[in-house]
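Summary of the model geometry
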Amino acid sequence: MNLIEVYIYEVTRRLPNKNREDIGLELKSTIEDMLPEKYSEDEVKKVLVELGNPAVLASEYNERPMHLIGPKYYDLYMSLLKMIVPIAVVIAFISVVAKYLVGFEGGDTVLNMGLMILGEGIWSILNVFMQVFFWLTLTFAILERTDHNEDKYPRTMSLQKWTPDDLKNISYIPQNRAVSKGYVFGSLLWTAIWGTIYFNADHLAGVYEGTGEGLEFILPALNQEVLNSFWPLIVIVIGLEIVFALTLFIKNQWTKKIAFFNVIREVIAVIVLIFLITNSNLLNPEFLAYMSNILNIAADQIRNFIIGLTLILFPIFSIYNSVEGYRKANR
Amino acid sequence: MSNLLDSLSTELRRGTLTLAVLSQLQTQQYGYSLVQLLEKSGITIEQSTLYPLLRRLEKQELVESVWDTTEARPRKYYILTDYGAEVYEKLKEEWLKNSKELYKLLEGDD
(Lines give C-alpha, C1' and ligand atoms only; values in the text may rest on other atoms or scores of the structure.)
Protein backbone atom coordinates (compact mmCIF):
# COMPACT_ATOMS: atom_id res chain seq x y z
CA MET A 1 0.00 0.00 0.00
CA ASN A 2 1.34 3.39 -0.96
CA LEU A 3 1.11 5.57 2.15
CA ILE A 4 1.62 8.79 0.21
CA GLU A 5 -1.29 8.11 -2.15
CA VAL A 6 -3.56 7.17 0.72
CA TYR A 7 -2.52 10.25 2.71
CA ILE A 8 -3.29 12.52 -0.25
CA TYR A 9 -6.59 10.75 -0.74
CA GLU A 10 -7.41 11.27 2.94
CA VAL A 11 -6.80 14.99 2.57
CA THR A 12 -8.44 15.60 -0.79
CA ARG A 13 -11.60 13.62 -0.16
CA ARG A 14 -12.47 16.25 2.42
CA LEU A 15 -12.04 19.11 -0.03
CA PRO A 16 -14.41 20.59 -2.62
CA ASN A 17 -14.19 18.85 -5.97
CA LYS A 18 -12.68 21.75 -7.86
CA ASN A 19 -9.62 21.98 -5.60
CA ARG A 20 -8.90 18.29 -5.23
CA GLU A 21 -6.62 17.72 -8.17
CA ASP A 22 -4.50 20.82 -7.73
CA ILE A 23 -3.99 20.39 -4.00
CA GLY A 24 -3.33 16.68 -4.48
CA LEU A 25 -0.60 17.36 -7.03
CA GLU A 26 0.99 20.04 -4.91
CA LEU A 27 0.97 17.81 -1.84
CA LYS A 28 2.52 14.97 -3.78
CA SER A 29 5.35 17.12 -5.12
CA THR A 30 5.92 18.62 -1.66
CA ILE A 31 6.08 15.23 0.03
CA GLU A 32 8.53 14.00 -2.59
CA ASP A 33 10.63 17.13 -2.09
CA MET A 34 10.91 16.26 1.56
CA LEU A 35 12.06 12.71 0.86
CA PRO A 36 15.48 11.52 -0.38
CA GLU A 37 15.80 9.87 -3.83
CA LYS A 38 15.25 6.41 -2.46
CA TYR A 39 13.16 6.23 0.63
CA SER A 40 11.91 3.67 3.11
CA GLU A 41 8.45 3.47 4.63
CA ASP A 42 9.79 4.82 7.92
CA GLU A 43 11.04 7.93 6.19
CA VAL A 44 7.65 8.41 4.55
CA LYS A 45 6.03 8.10 7.96
CA LYS A 46 8.33 10.75 9.38
CA VAL A 47 7.37 13.16 6.63
CA LEU A 48 3.67 12.44 7.10
CA VAL A 49 3.98 13.11 10.82
CA GLU A 50 5.29 16.56 9.95
CA LEU A 51 2.27 17.22 7.77
CA GLY A 52 0.01 15.96 10.51
CA ASN A 53 -3.51 14.63 10.67
CA PRO A 54 -5.06 14.74 7.18
CA ALA A 55 -8.37 15.92 8.61
CA VAL A 56 -6.67 18.94 10.19
CA LEU A 57 -4.72 19.71 7.04
CA ALA A 58 -7.87 19.47 4.96
CA SER A 59 -9.71 21.79 7.33
CA GLU A 60 -6.91 24.35 6.97
CA TYR A 61 -7.29 24.18 3.22
CA ASN A 62 -11.04 24.38 3.46
CA GLU A 63 -11.14 27.23 5.91
CA ARG A 64 -14.30 25.54 7.01
CA PRO A 65 -14.67 25.44 10.79
CA MET A 66 -13.96 22.16 12.55
CA HIS A 67 -16.76 22.85 15.00
CA LEU A 68 -20.50 22.92 14.70
CA ILE A 69 -21.00 26.28 16.40
CA GLY A 70 -18.04 28.52 17.13
CA PRO A 71 -17.36 31.35 19.56
CA LYS A 72 -19.03 33.83 17.24
CA TYR A 73 -22.45 32.30 17.67
CA TYR A 74 -22.15 30.12 20.77
CA ASP A 75 -23.44 32.66 23.26
CA LEU A 76 -26.37 33.67 21.07
CA TYR A 77 -27.17 30.00 20.50
CA MET A 78 -27.16 29.21 24.21
CA SER A 79 -29.28 32.26 25.06
CA LEU A 80 -31.89 31.35 22.49
CA LEU A 81 -31.89 27.74 23.63
CA LYS A 82 -32.48 28.77 27.23
CA MET A 83 -35.24 31.10 26.14
CA ILE A 84 -37.09 28.81 23.74
CA VAL A 85 -36.85 25.43 25.46
CA PRO A 86 -38.88 26.29 28.61
CA ILE A 87 -41.61 27.99 26.54
CA ALA A 88 -41.84 25.09 24.11
CA VAL A 89 -41.87 22.55 26.92
CA VAL A 90 -44.66 24.32 28.80
CA ILE A 91 -46.76 24.70 25.66
CA ALA A 92 -46.24 21.03 24.83
CA PHE A 93 -47.36 19.97 28.29
CA ILE A 94 -50.40 22.24 28.27
CA SER A 95 -51.50 20.91 24.90
CA VAL A 96 -51.29 17.35 26.19
CA VAL A 97 -53.40 18.24 29.20
CA ALA A 98 -55.86 20.15 27.01
CA LYS A 99 -56.17 17.15 24.72
CA TYR A 100 -57.17 14.93 27.63
CA LEU A 101 -59.45 17.57 29.05
CA VAL A 102 -61.37 17.93 25.79
CA GLY A 103 -61.31 14.33 24.71
CA PHE A 104 -62.11 12.85 28.10
CA GLU A 105 -64.47 9.94 28.04
CA GLY A 106 -66.31 8.41 30.94
CA GLY A 107 -65.25 5.35 32.83
CA ASP A 108 -61.80 6.52 33.79
CA THR A 109 -60.59 7.32 37.26
CA VAL A 110 -58.61 10.38 38.25
CA LEU A 111 -55.57 8.26 38.95
CA ASN A 112 -55.66 6.61 35.56
CA MET A 113 -56.05 9.89 33.78
CA GLY A 114 -53.28 11.49 35.85
CA LEU A 115 -50.94 8.70 34.88
CA MET A 116 -51.83 9.00 31.23
CA ILE A 117 -51.28 12.75 31.25
CA LEU A 118 -47.99 12.32 33.07
CA GLY A 119 -46.79 9.63 30.67
CA GLU A 120 -47.74 11.40 27.50
CA GLY A 121 -46.66 14.72 29.00
CA ILE A 122 -43.13 13.48 29.66
CA TRP A 123 -42.98 11.95 26.22
CA SER A 124 -44.10 15.11 24.49
CA ILE A 125 -41.75 17.27 26.56
CA LEU A 126 -38.83 15.08 25.51
CA ASN A 127 -40.03 15.19 21.95
CA VAL A 128 -40.34 18.96 21.87
CA PHE A 129 -36.98 19.39 23.54
CA MET A 130 -35.32 17.23 20.89
CA GLN A 131 -37.07 19.12 18.11
CA VAL A 132 -36.10 22.55 19.41
CA PHE A 133 -32.56 21.42 20.12
CA PHE A 134 -32.17 19.87 16.67
CA TRP A 135 -33.57 22.69 14.59
CA LEU A 136 -31.86 25.45 16.52
CA THR A 137 -28.53 23.64 16.34
CA LEU A 138 -29.00 23.00 12.65
CA THR A 139 -29.85 26.66 12.01
CA PHE A 140 -26.75 27.82 13.82
CA ALA A 141 -24.51 25.24 12.19
CA ILE A 142 -25.68 26.53 8.79
CA LEU A 143 -25.28 30.13 9.91
CA GLU A 144 -21.74 29.36 11.03
CA ARG A 145 -20.94 27.97 7.58
CA THR A 146 -22.62 30.57 5.45
CA ASP A 147 -21.37 33.63 7.32
CA HIS A 148 -18.40 34.80 5.28
CA ASN A 149 -17.88 37.89 7.34
CA GLU A 150 -14.24 37.88 8.35
CA ASP A 151 -14.70 39.48 11.74
CA LYS A 152 -14.81 37.26 14.76
CA TYR A 153 -16.90 39.39 17.12
CA PRO A 154 -19.40 37.31 19.07
CA ARG A 155 -22.89 38.17 17.90
CA THR A 156 -25.62 39.64 20.09
CA MET A 157 -29.37 39.17 19.81
CA SER A 158 -29.50 41.68 16.95
CA LEU A 159 -26.91 39.60 15.05
CA GLN A 160 -24.62 42.63 15.20
CA LYS A 161 -21.46 43.41 17.09
CA TRP A 162 -22.02 44.35 20.74
CA THR A 163 -22.48 48.03 21.58
CA PRO A 164 -23.29 49.68 24.93
CA ASP A 165 -26.79 50.38 23.56
CA ASP A 166 -27.50 46.68 23.84
CA LEU A 167 -27.56 47.14 27.61
CA LYS A 168 -30.75 49.16 27.28
CA ASN A 169 -32.63 46.11 26.06
CA ILE A 170 -31.71 44.01 29.06
CA SER A 171 -34.32 43.69 31.75
CA TYR A 172 -32.42 43.72 34.97
CA ILE A 173 -34.25 41.60 37.50
CA PRO A 174 -33.29 41.56 41.17
CA GLN A 175 -33.02 37.98 42.37
CA ASN A 176 -35.67 38.27 45.12
CA ARG A 177 -38.39 39.54 42.79
CA ALA A 178 -37.73 37.00 40.11
CA VAL A 179 -40.41 34.44 39.33
CA SER A 180 -39.35 30.84 39.50
CA LYS A 181 -40.14 28.69 36.49
CA GLY A 182 -41.47 26.07 38.89
CA TYR A 183 -44.09 28.50 40.19
CA VAL A 184 -45.35 29.24 36.68
CA PHE A 185 -45.40 25.60 35.74
CA GLY A 186 -47.07 24.62 38.98
CA SER A 187 -49.88 27.13 38.55
CA LEU A 188 -50.50 26.02 34.98
CA LEU A 189 -50.58 22.42 36.13
CA TRP A 190 -53.02 23.30 38.90
CA THR A 191 -55.31 25.05 36.41
CA ALA A 192 -55.22 22.01 34.15
CA ILE A 193 -56.03 19.64 37.01
CA TRP A 194 -58.99 21.51 38.44
CA GLY A 195 -60.29 22.33 34.95
CA THR A 196 -60.27 18.65 34.06
CA ILE A 197 -62.00 17.63 37.25
CA TYR A 198 -64.56 20.42 36.92
CA PHE A 199 -65.79 19.41 33.49
CA ASN A 200 -65.71 15.71 34.32
CA ALA A 201 -66.98 15.89 37.87
CA ASP A 202 -69.77 13.39 37.19
CA HIS A 203 -67.22 10.61 36.89
CA LEU A 204 -64.26 12.00 38.80
CA ALA A 205 -65.46 13.82 41.91
CA GLY A 206 -67.60 11.84 44.32
CA VAL A 207 -67.72 8.67 46.31
CA TYR A 208 -65.35 5.84 45.53
CA GLU A 209 -65.75 2.40 46.94
CA GLY A 210 -63.06 -0.23 47.16
CA THR A 211 -63.87 -3.36 45.21
CA GLY A 212 -61.73 -6.35 44.34
CA GLU A 213 -60.36 -4.52 41.25
CA GLY A 214 -59.43 -1.28 42.90
CA LEU A 215 -61.44 1.86 43.38
CA GLU A 216 -64.81 2.07 41.73
CA PHE A 217 -66.65 5.31 41.23
CA ILE A 218 -70.18 4.90 42.52
CA LEU A 219 -71.70 8.28 43.18
CA PRO A 220 -70.99 11.82 41.86
CA ALA A 221 -70.98 14.56 44.50
CA LEU A 222 -71.91 17.36 42.15
CA ASN A 223 -74.51 17.95 39.51
CA GLN A 224 -72.68 18.06 36.19
CA GLU A 225 -75.48 19.93 34.47
CA VAL A 226 -75.19 22.81 36.92
CA LEU A 227 -71.42 22.80 36.53
CA ASN A 228 -71.73 22.80 32.76
CA SER A 229 -74.22 25.65 32.80
CA PHE A 230 -71.49 27.83 34.31
CA TRP A 231 -69.08 27.10 31.49
CA PRO A 232 -68.64 30.64 30.10
CA LEU A 233 -67.62 31.94 33.53
CA ILE A 234 -65.33 29.00 34.18
CA VAL A 235 -63.67 29.45 30.80
CA ILE A 236 -63.04 33.08 31.72
CA VAL A 237 -61.49 32.04 35.06
CA ILE A 238 -59.31 29.41 33.37
CA GLY A 239 -58.34 31.90 30.67
CA LEU A 240 -57.36 34.49 33.27
CA GLU A 241 -55.23 31.94 35.13
CA ILE A 242 -53.39 30.95 31.97
CA VAL A 243 -52.85 34.54 30.85
CA PHE A 244 -51.66 35.39 34.34
CA ALA A 245 -49.16 32.52 34.43
CA LEU A 246 -47.84 33.40 30.99
CA THR A 247 -47.54 37.09 31.90
CA LEU A 248 -45.51 36.13 34.94
CA PHE A 249 -43.37 33.89 32.79
CA ILE A 250 -42.68 36.61 30.22
CA LYS A 251 -42.16 39.50 32.66
CA ASN A 252 -40.15 37.17 34.87
CA GLN A 253 -40.71 39.33 37.94
CA TRP A 254 -43.49 40.48 40.24
CA THR A 255 -44.55 44.08 39.67
CA LYS A 256 -47.40 46.16 41.10
CA LYS A 257 -49.32 45.76 37.86
CA ILE A 258 -49.03 42.00 37.98
CA ALA A 259 -50.03 41.98 41.65
CA PHE A 260 -53.11 44.04 40.72
CA PHE A 261 -53.94 41.64 37.90
CA ASN A 262 -53.60 38.87 40.47
CA VAL A 263 -56.16 40.56 42.76
CA ILE A 264 -58.65 41.03 39.90
CA ARG A 265 -58.25 37.40 38.97
CA GLU A 266 -58.82 36.24 42.55
CA VAL A 267 -61.87 38.46 42.97
CA ILE A 268 -63.49 37.16 39.79
CA ALA A 269 -62.72 33.56 40.77
CA VAL A 270 -64.25 34.03 44.23
CA ILE A 271 -67.39 35.69 42.83
CA VAL A 272 -67.89 32.86 40.34
CA LEU A 273 -67.34 30.35 43.11
CA ILE A 274 -69.89 32.03 45.38
CA PHE A 275 -72.54 31.91 42.65
CA LEU A 276 -71.66 28.31 41.97
CA ILE A 277 -71.64 26.99 45.52
CA THR A 278 -74.88 28.71 46.48
CA ASN A 279 -76.73 27.23 43.54
CA SER A 280 -79.35 24.99 45.19
CA ASN A 281 -78.96 22.21 42.64
CA LEU A 282 -75.19 21.97 42.72
CA LEU A 283 -74.83 19.21 45.29
CA ASN A 284 -76.20 15.86 44.24
CA PRO A 285 -79.12 14.90 46.60
CA GLU A 286 -78.10 11.24 46.40
CA PHE A 287 -74.62 12.18 47.55
CA LEU A 288 -76.05 14.22 50.45
CA ALA A 289 -78.27 11.32 51.41
CA TYR A 290 -75.34 8.93 51.26
CA MET A 291 -73.22 11.19 53.48
CA SER A 292 -76.04 11.79 55.92
CA ASN A 293 -76.44 8.06 56.21
CA ILE A 294 -72.78 7.53 57.03
CA LEU A 295 -72.30 10.51 59.34
CA ASN A 296 -75.72 10.36 60.92
CA ILE A 297 -76.33 14.06 60.34
CA ALA A 298 -79.22 15.60 58.47
CA ALA A 299 -78.61 16.14 54.75
CA ASP A 300 -79.38 19.84 55.03
CA GLN A 301 -76.76 20.29 57.69
CA ILE A 302 -74.14 18.63 55.55
CA ARG A 303 -75.07 20.88 52.67
CA ASN A 304 -74.81 23.98 54.84
CA PHE A 305 -71.52 22.80 56.22
CA ILE A 306 -70.01 22.32 52.76
CA ILE A 307 -71.27 25.71 51.56
CA GLY A 308 -70.12 27.45 54.74
CA LEU A 309 -66.66 25.90 54.63
CA THR A 310 -66.22 26.88 50.99
CA LEU A 311 -67.39 30.42 51.63
CA ILE A 312 -64.86 30.81 54.44
CA LEU A 313 -61.85 28.94 53.12
CA PHE A 314 -61.72 30.16 49.54
CA PRO A 315 -61.89 33.90 50.26
CA ILE A 316 -59.22 33.48 52.94
CA PHE A 317 -57.07 31.69 50.44
CA SER A 318 -57.69 34.38 47.82
CA ILE A 319 -56.89 37.23 50.18
CA TYR A 320 -53.68 35.52 51.21
CA ASN A 321 -52.75 35.09 47.55
CA SER A 322 -53.49 38.73 46.72
CA VAL A 323 -51.46 40.04 49.64
CA GLU A 324 -48.64 37.69 48.78
CA GLY A 325 -48.57 39.11 45.24
CA TYR A 326 -48.09 42.65 46.55
CA ARG A 327 -45.53 41.48 49.05
CA LYS A 328 -43.47 39.93 46.26
CA ALA A 329 -43.83 43.04 44.10
CA ASN A 330 -42.64 45.31 46.90
CA ARG A 331 -39.57 43.36 47.85
CA MET B 1 4.72 25.57 32.78
CA SER B 2 6.60 24.45 29.67
CA ASN B 3 3.32 23.49 28.02
CA LEU B 4 1.88 26.89 28.69
CA LEU B 5 5.05 28.56 27.50
CA ASP B 6 4.90 26.55 24.30
CA SER B 7 1.38 27.53 23.54
CA LEU B 8 2.02 31.19 24.38
CA SER B 9 5.07 31.41 22.13
CA THR B 10 3.20 29.61 19.33
CA GLU B 11 0.56 32.27 19.68
CA LEU B 12 3.19 35.02 19.53
CA ARG B 13 4.67 33.55 16.38
CA ARG B 14 1.40 32.87 14.61
CA GLY B 15 0.71 36.47 13.73
CA THR B 16 4.13 36.96 12.19
CA LEU B 17 3.97 33.95 9.88
CA THR B 18 2.19 35.75 7.08
CA LEU B 19 4.81 38.49 7.18
CA ALA B 20 7.65 35.98 7.17
CA VAL B 21 6.19 34.11 4.20
CA LEU B 22 5.50 37.28 2.22
CA SER B 23 9.06 38.46 2.82
CA GLN B 24 10.49 35.35 1.18
CA LEU B 25 8.23 35.42 -1.86
CA GLN B 26 9.87 38.37 -3.59
CA THR B 27 11.57 35.67 -5.62
CA GLN B 28 9.56 32.69 -6.67
CA GLN B 29 9.55 29.69 -4.37
CA TYR B 30 7.88 26.33 -4.20
CA GLY B 31 6.51 24.92 -0.99
CA TYR B 32 9.46 22.97 0.30
CA SER B 33 12.08 25.53 -0.75
CA LEU B 34 10.13 28.09 1.24
CA VAL B 35 10.21 25.84 4.30
CA GLN B 36 13.96 25.49 3.98
CA LEU B 37 14.46 29.23 3.50
CA LEU B 38 12.43 30.01 6.58
CA GLU B 39 14.16 27.36 8.64
CA LYS B 40 17.54 28.71 7.64
CA SER B 41 16.51 32.04 9.17
CA GLY B 42 15.49 30.21 12.31
CA ILE B 43 11.78 30.40 11.71
CA THR B 44 9.98 27.14 12.25
CA ILE B 45 6.63 26.75 10.64
CA GLU B 46 4.30 23.79 10.71
CA GLN B 47 4.07 22.46 7.21
CA SER B 48 0.40 21.80 7.72
CA THR B 49 0.04 25.53 8.32
CA LEU B 50 2.27 26.74 5.52
CA TYR B 51 0.68 25.10 2.47
CA PRO B 52 -2.87 26.14 3.29
CA LEU B 53 -1.53 29.60 4.13
CA LEU B 54 -0.03 29.89 0.64
CA ARG B 55 -3.39 29.03 -0.88
CA ARG B 56 -5.12 31.58 1.28
CA LEU B 57 -2.64 34.26 0.21
CA GLU B 58 -3.29 33.32 -3.38
CA LYS B 59 -7.02 33.62 -2.89
CA GLN B 60 -6.47 37.06 -1.37
CA GLU B 61 -4.46 37.91 -4.50
CA LEU B 62 -1.33 38.70 -2.53
CA VAL B 63 0.62 35.98 -4.34
CA GLU B 64 0.21 34.19 -7.65
CA SER B 65 1.24 30.69 -8.57
CA VAL B 66 2.35 28.83 -11.63
CA TRP B 67 2.98 25.15 -12.24
CA ASP B 68 6.41 24.36 -13.61
CA THR B 69 6.23 21.05 -15.44
CA THR B 70 9.53 21.31 -17.32
CA GLU B 71 11.47 19.43 -14.66
CA ALA B 72 11.12 15.78 -13.72
CA ARG B 73 9.00 16.66 -10.75
CA PRO B 74 6.24 19.20 -11.37
CA ARG B 75 6.32 22.02 -8.84
CA LYS B 76 4.02 24.85 -7.99
CA TYR B 77 5.83 28.16 -7.67
CA TYR B 78 4.54 31.12 -5.73
CA ILE B 79 5.54 34.79 -6.08
CA LEU B 80 4.29 38.12 -4.75
CA THR B 81 1.89 40.09 -6.94
CA ASP B 82 2.22 43.88 -7.21
CA TYR B 83 -0.63 44.20 -4.80
CA GLY B 84 1.06 41.66 -2.51
CA ALA B 85 4.30 43.64 -2.60
CA GLU B 86 2.44 46.76 -1.61
CA VAL B 87 0.69 45.02 1.28
CA TYR B 88 3.97 43.46 2.35
CA GLU B 89 5.68 46.88 2.61
CA LYS B 90 2.89 48.26 4.76
CA LEU B 91 2.79 45.17 6.96
CA LYS B 92 6.55 45.34 7.39
CA GLU B 93 6.40 48.99 8.50
CA GLU B 94 3.65 48.11 10.91
CA TRP B 95 5.66 45.27 12.37
CA LEU B 96 8.83 47.33 12.74
CA LYS B 97 6.91 50.09 14.45
CA ASN B 98 5.20 47.62 16.77
CA SER B 99 8.33 45.79 17.69
CA LYS B 100 10.18 49.05 18.42
CA GLU B 101 7.39 50.09 20.74
CA LEU B 102 7.32 46.73 22.39
CA TYR B 103 11.06 46.76 22.78
CA LYS B 104 10.90 50.12 24.54
CA LEU B 105 8.20 48.75 26.77
CA LEU B 106 10.11 45.62 27.64
CA GLU B 107 13.47 47.26 28.23
CA GLY B 108 12.09 50.33 29.98
CA ASP B 109 12.77 53.72 28.35
CA ASP B 110 16.09 54.81 29.75
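Residues numbered from 1 in each chain as written. Chains lettered and ligands numbered in written order. Predicted model: local features only at pLDDT ≥ 70, side-chain atom pairs only at ≥ 80, totals over all residues. Heavy atoms only, no water.

1. Quick word on the overall build of chain A
Test applied: For the purposes of this entry, the term helix denotes a DSSP run of H or I that reaches at least four residues, the term strand denotes a run of E that reaches at least two, and both are numbered from the N terminus. Radius of gyration means the value over C-alpha atoms here, while the globule rule gives 2.2 Å times the residue count to the 0.38 power. Buried, partly exposed and exposed residues are distinguished by accessible area as a fraction of the type maximum, computed with a 1.4 Å probe on protein chains only: under 20%, between the cut-offs, and over 50%, respectively. Whether two residues are in contact is decided by their heavy atoms: any pair within 4.5 Å suffices.
Summing up its helical and strand segments, chain A has 13 helices and two strands in all. The globule rule puts the C-alpha radius of gyration for 331 residues at 20 Å, and the 33 Å found for chain A is more than 25% above it. With respect to the three principal axes, the spread of C-alpha positions in chain A is 115 × 55 × 30 Å. Out of the 331 residues belonging to chain A, those deemed buried represent 34%. The contacts of chain A with a sequence gap of at least 6 include a subset with a gap of at least 24, amounting to 71%.

2. Some remarks on the overall build of chain B
Selection rule: Each accessible area value is a Shrake-Rupley result obtained with a 1.4 Å probe; residue values ignore everything except the protein chains displayed when judging cover. Charged-residue counts in this description rest on Lys and Arg as positive and Asp and Glu as negative, His and the chain ends being excluded. In this description, the location of a charge corresponds to atom NZ of lysine, CZ of arginine, CG of aspartate or CD of glutamate.
Looking only at helices and strands, chain B has four helices and three strands in total. For chain B, the N- to C-terminal ordering of α and β elements is α-β-α-α-β-β-α. In terms of its C-alpha atoms, chain B occupies a principal-axis envelope of roughly 55 × 35 × 25 Å. Counting every position in chain B, which comprises 110 residues, the buried fraction comes to 31%. Taking the intrachain contacts of chain B between residues at least 6 apart in sequence as the baseline, contacts between residues at least 24 apart amount to 45%. Just so you have it, chain B exposes about 7,500 Å², and 53% of that area is on carbon and sulfur atoms. For chain B, the distance from the average position of its 14 positive side-chain charges to the average position of its 18 negative side-chain charges is 5 Å.

3. Regarding the UniProt feature "domain: Transcription regulator PadR N-terminal" (unreviewed entry) in chain B
Applicable threshold: UniProt positions are given in the numbering used here, feature names are shortened, and annotations may be inferred rather than shown by experiment.
As recorded in UniProt, the sites labelled "domain: Transcription regulator PadR N-terminal" (unreviewed entry) are residues 21-89 of chain B. Each end of residues 21-89 of chain B is marked by a C-alpha atom, and these two atoms are 13 Å apart; helix forms 51% of the span and strand 20%.

4. Some remarks on the packing of helix α1 (residues 3-12) of chain A against helix α4 (residues 54-62) of chain A
All names here are of chain A. Defined as follows: Note on definitions: angles span 0 to 180 degrees between N-to-C directions of axes, and those axes are lines fitted to C-alpha atoms, for helices only across the stretch in contact. Orientation categories follow fixed angle ranges, with anything under 35 degrees roughly parallel, anything over 145 roughly antiparallel, 65 to 115 roughly perpendicular, and all other angles oblique. Note on convention: the crossing is left-handed when the near helix lies turned anticlockwise from the far helix by less than a right angle, right-handed when the turn is clockwise. Note on residue classes: Ala, Val, Leu, Ile, Met, Phe, Trp, Tyr, Cys and Pro are nonpolar, Asp, Glu, Lys and Arg are charged, and everything else, Gly too, is polar.
Where α1 meets α4, the axes come as close as 8 Å, and the angle between the chain directions of the two elements is 45 degrees. Considered as vectors, α1 and α4 are oriented oblique to each other. Classified by chirality, the crossing of α4 by α1 is right-handed. Residues Tyr7, Glu10 and Val11 of α1 touch α4, and the partners they reach there are Pro54, Leu57, Ala58 and Tyr61. Its residues placed into classes, the contact of α1 with α4 shows six nonpolar, no polar and one charged.

5. Structural notes on unusual backbone geometry
Even without being glycine, Glu61(B) reaches a positive phi, approximately 65 degrees. Along the chain, the position of Glu61(B) falls in the loop between α3 (47-59) and β2 (63-68).

6. So, the interface of chain A and chain B
Definition in use: By convention, the term buried area covers the 1.4 Å-probe accessible surface removed from two parts as they join, with the contributions of both added. Salt bridges are defined as contacts in which a side-chain nitrogen from Lys or Arg sits within 4 Å of a carboxyl oxygen from Asp or Glu. N or O atoms closer than or at 3.5 Å make up a polar contact, with two conditions inside protein: a donor-capable atom paired with an acceptor-capable one, and, for residues adjacent in sequence, both atoms drawn from side chains.
Listed per partner, the contact involves 15 residues of chain A and 16 residues of chain B. Approximately 1,700 Å² of surface area, both sides summed, lies buried where chain A meets chain B, with 51% of it carried by carbon and sulfur atoms. The three residues of chain A that bury the most area against chain B are Glu26(A), Asp33(A) and Glu60(A), which together make up 33% of that side's buried surface. Where chain A meets chain B, there are six salt bridges. Counting the contacts that link chain A with chain B gives nine residue pairs in polar contact (both at pLDDT 80 or more). Looking at the side of chain A that touches chain B, the elements with two or more residues in it are α2 (17-34), α3 (41-51) and α4 of chain A. Among the elements that make up the side of chain A that touches chain B, the one with the highest residue count is α2(A) (nine residues). Split into classes, the residues belonging to the side of chain A that touches chain B amount to six nonpolar, two polar and seven charged.

7. Observations regarding the nonpolar core
Let me state the cut-off plainly: Among the buried residues, those of types Ala, Val, Leu, Ile, Met, Phe, Trp, Tyr and Cys that are joined through side-chain atoms within 4.5 Å form a nonpolar core.
Ile31(A), Val21(B) and Tyr51(B) are the most contacted members of the largest nonpolar core, which totals 40 residues. Mapped by element, the contributors of at least two residues to this core are α1, α2, α3 and α4 of chain A together with α1 (2-24), α2 (31-40), α3 and β3 (75-80) of chain B. Once residues within four sequence positions are removed from consideration, Val21(B) is found in contact with Leu34(B), Leu38(B), Ile45(B), Leu50(B), Leu53(B), Leu54(B) and Leu57(B). Of all hydrophobic cores here, the second largest spans 14 residues; its members include Leu227(A), Phe230(A), Ile238(A) and Ile277(A).

8. Considerations on the sheet that holds β3(B)
Residues and elements named next belong to chain B. Applicable threshold: At least two bridges found by DSSP between two strands are what make those strands a pair.
Across the sheet, which stays open at both edges, the three strands sit in the order β1-β3-β2 with antiparallel pairing between neighbours. With one partner strand each, in any of the chains shown, β1 (29-30) and β2 form the two edges of the open sheet. Bridge count between β2 and β3: six bridges; the pairing is antiparallel. Bridge pairing links Val66 to Tyr77 in β3.

9. Thoughts on the domain arrangement of chain A
How big an interface is tends to be reported as the loss of accessible area on association of its parts. Basically, it comes down to this: Where each domain begins and ends follows an automated or database-derived domain assignment.
According to the domain assignment, chain A consists of domain 1 (3-62), domain 2 (66-170) and domain 3 (172-331). Taken over C-alpha atoms, the centre of domain 2 of chain A sits 32 Å from the centre of domain 3 of chain A.

10. A word on helix α7 (residues 181-199) of chain A
Heads up, the rule is: Here, expected helix span is obtained from the residue count minus one, scaled by 1.5 Å.
The terminal C-alpha atoms of α7(A) lie 27 Å apart, and with 19 residues this matches the ideal 27 Å at 1.5 Å per residue to within 8%. Where α7(A) is concerned, the buried positions are Val184(A), Leu188(A), Thr191(A), Ala192(A), Trp194(A), Gly195(A), Thr196(A) and Tyr198(A).

11. What about the packing of aromatic side chains?
Residue and element names in this part refer to chain A. Stated precisely, the cut-off is as follows: Pairing of aromatic rings covers Phe, Tyr and Trp, the last through its six-membered ring, and needs centres within 6.5 Å; plane angles under 30 degrees mean stacked, over 60 mean edge-to-face, and all others mean tilted.
Inspection of the entire model under this criterion finds nine aromatic pairs over all chains. Residues Phe129 and Phe133 carry aromatic rings whose centres are separated by 5.9 Å and whose planes lie at 15 degrees to one another, so their mutual orientation is stacked. Of this pair, Phe129 and Phe133 are both found in helix α6 (residues 110-146), four residues apart, which corresponds to roughly one turn of the helix. Measuring from ring centre to ring centre gives 5.5 Å for Phe244 and Phe261, while their planes differ by 80 degrees; the resulting arrangement is edge-to-face. In this pair, Phe244 is assigned in helix α10 (residues 231-251) and Phe261 in helix α11 (residues 256-277), connecting sequence segments 17 residues apart. Classification of Phe244 by relative accessible area gives buried; the value is 5%. Taken together, the aromatic side chains of Tyr183, Phe244, Trp254 and Phe261 make up a single cluster linked through ring pairs.

12. As for the side chain of Thr310(A)
Residues and elements named next belong to chain A. Looking at where Thr310 falls in the secondary structure, it is placed in helix α13 (residues 299-330). Taking relative accessible area as the criterion, Thr310 reaches 13% and is therefore assigned buried. At 2.7 Å, the side chain of Thr310 forms a polar contact with the backbone oxygen of Ile306.

13. Considerations on the UniProt feature "transmembrane region" (unreviewed entry) in chain A
Residue and element names in this part refer to chain A. Taking the numbering used here, the UniProt-annotated feature "transmembrane region" (unreviewed entry) corresponds to residues 80-102, 122-143, 182-201, 230-250, 262-282 and 302-323. Secondary structure content for residues 182-201 is 95% helix and 0% strand, while the C-alpha to C-alpha distance between its ends is 27 Å. Structurally, residues 230-250 comprises 95% helix and 0% strand, and the distance from its first C-alpha atom to its last is 30 Å.

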